[in-house]
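# Architecture at a glance
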Amino acid sequence: MKIKIDLALCQGHSVCLGEAPEVFNVIDQDDGYPHVKVLLDSPPEALRAKVMKAAKYCPNSVITVLED
Ligand code: SF4
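The notes below deal with the structure included here. Just so you know, these numbers come straight off a predicted model, no measurement behind them. (Residues numbered from 1 in each chain as written. Predicted model: local features only at pLDDT ≥ 70, side-chain atom pairs only at ≥ 80, totals over all residues.)

### Structural notes on the site of the ligand
The line we're drawing: For each residue, a C-beta atom is positioned from the backbone; the residue is called near a molecule or strand if that atom sits within 6 Å of it. In the scheme used here, Gly and all other residues not listed as nonpolar or charged are polar, with Ala, Val, Leu, Ile, Met, Phe, Trp, Tyr, Cys and Pro taken as nonpolar and Asp, Glu, Lys and Arg as charged.
The immediate surroundings of the ligand are formed by 14 residues, with Cys10, His13, Val15, Cys16 and Cys58 found nearest. Grouping the amino acids of the shell around the ligand by side-chain chemistry returns nine nonpolar, five polar and no charged.

Written as structure tokens, this is what we have:
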């Protein structure tokens with residue numbers, strides 16, 4: 001799987017970090033607002049359940065999981 005993020009819509013809620021800290025971090029940006037940073041663009045299958053939960057519960061629906 002591959003992860004795609006729509007950064008323009010990310011508002012730094014950190015739900016993704018809570019669900020899958022192996023894959024997502026949330027860091028402050030130059031504009032002063034936190035945004036998600038993807039740590040693993042192509043996470044292993046073992047993390048699929050966590051990644052899917054992060055995508056499902058992201059309040060802004062900015063995480064898309066693509067199959068490769
Ligand atoms: S990806 Fe979603 S849950 Fe993660 S910081 Fe951005 S808006 Fe929040």
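### Details of the nonpolar core
Across soluble globular proteins, nonpolar side chains have a tendency to be buried as a group. Under the convention used in this document: The nonpolar core criterion groups buried Ala, Val, Leu, Ile, Met, Phe, Trp, Tyr and Cys residues into a set whenever they are joined through C-beta atoms within 7 Å. With C-beta atoms placed from the backbone, a residue is buried if 20 or more other C-beta atoms are within 10 Å of its own, exposed if 12 or fewer are, and partly exposed between those counts. Strands are runs of DSSP state E lasting at least two residues, helices are runs of H or I lasting at least four, and both sets are numbered from the N terminus onward. For the purpose of contact definition, each residue receives a C-beta atom placed from its backbone, and two residues are in contact when these atoms lie within 7 Å.
Judged by nonpolar contacts, the single largest core of 13 residues is most densely connected at Cys16, Ala20, Phe24, Val51, Ala54, Cys58 and Ile63. Of all the secondary structure elements, the ones that give two or more residues to this core are helix 1 (15-19) and helix 2 (48-57). If one sorts the elements of this core by residue count, helix 2 sits on top with three residues. Among residues more than four places away in sequence, those in contact with Phe24 are Cys16, Leu17, Val36, Val38, Leu39 and Ala54.

### Let's talk about the pairing of strand 2 (residues 24-28)
Note the cut-off: Strand pairing is assigned whenever DSSP detects at least two bridges linking the two strands.
Looking at chain direction, strand 2 and strand 3 (residues 34-38) are connected through five bridges and run antiparallel. Across the sheet, the residue bridging to Phe24 is Val38, located in strand 3. Connecting strand 2 to the next strand, strand 3, in antiparallel fashion are five residues, including Gly32 with a positive phi near 90°.

### Structural notes on the environment of Val26
Structurally, Val26 can be placed in strand 2. A tally of 18 C-beta atoms within 10 Å means that Val26 is categorised as partly exposed. Sequence separation between Val26 and Leu39 is 13 residues, and the spatial gap between their C-alpha atoms is 10.0 Å. Apart from residues lying up to four places away in sequence, Val26 is in contact with Gly12, Ser14, Leu17, Pro34, His35, Val36 and Lys37.

Just geometry here; none of it tells us what the structure is for.
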